[in-house]
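So the chains spell out like this:
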Amino acid sequence: MSDEQEGGGVVGIVLVSHSAQVAASVAELAQGLAGGGTAVPVAPAGGTEGGELGTSAELIAAAAADVDRGAGVAVLADLGSAVLTVKALLAEGDELPDNTRLVDAPFVEGAVAAVVTAATGADLAAVEAAAMEAYAYRKT
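Everything numeric in this text was worked out from a predicted model, so none of it was measured.

Reading guide: rules and limits
Residues numbered from 1 in each chain as written. Predicted model: local features only at pLDDT ≥ 70, side-chain atom pairs only at ≥ 80, totals over all residues. Heavy atoms only, no water. Core = buried A, V, L, I, M, F, W, Y, C linked by side-chain atoms within 4.5 Å. Buried < 20%, exposed > 50% of the residue type's maximum accessible area, 1.4 Å probe, protein only. Helix = DSSP H or I, 4+ residues; strand = E, 2+ residues; numbered from the N terminus. Contact = heavy atoms within 4.5 Å. Pairing = 2+ DSSP bridges. Axes fitted to C-alpha atoms, helices over the stretch in contact; angles between N-to-C directions.

1. A short note on the nonpolar core
The biggest cluster of nonpolar side chains holds 24 residues, and the ones touching the most others in it are Val-11, Ile-13, Leu-15, Leu-76 and Val-127. Elements that contribute at least two residues to this core include exactly strand 1 (12–17), helix 2 (20–33), strand 3 (73–77), helix 5 (107–119) and helix 6 (124–133). No other element matches helix 5, which puts six residues into this core. Residue contacts for Leu-76: discarding those within four places in its chain leaves Ile-13, Val-14, Leu-15, Val-16, Val-103, Ala-105, Pro-106, Phe-107, Gly-110, Ala-111, Ala-114 and Ala-131.

Quick look at the structure:
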């Protein structure tokens, strides 16, 4: 058992998209494919506070706090400024829970892999590795 797991909890997942609907739909898909349970806390952080397309540091920070169960938080972002916003929050150092990582993974496949892996009780490093491996998924 890892130190993260000894601290209790399961890895939380935050899905950052420029669209609230995309983030929520990918969260729903990932949880459904992981068995539909709520064992893994997954929070979408999409769009702006006003419901527009964009990225909100405040929504990301709130989502990360919401899913933090003491085993770390994996953050997957869709593209561009979403990635930059998460990087800025990590650089600030006090906006996100301790042991939060931006995971370099494809948004949909990585989210599914992250949630399925977290549901097994895996630690943050294993969740990150599973999501990153999704780059190698072939469709042909």
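2. Comments concerning the environment of Asp-66
Mapping Asp-66 onto the fold places it in helix 3 (residues 57–67). Classification of Asp-66 by relative accessible area gives exposed; the value is 51%.

3. A few points about the sheet that holds strand 4 (residues 100–102)
Either a parallel or an antiparallel arrangement is found when strands of a sheet pair, and the pairing is made through backbone hydrogen bonds. Read across the sheet, four strands follow the order 2-1-3-4 without closing on themselves; strand pairing throughout is parallel. The open sheet has two edge strands, strand 2 (42–46) and strand 4, and neither has a second partner. When strand polarity is set aside, the average angle formed by the axes of neighbouring strands in this sheet is 20 degrees. Bridge count between strand 3 and strand 4: three bridges; the pairing is parallel.

Any functional reading would require information beyond the geometric quantities listed.
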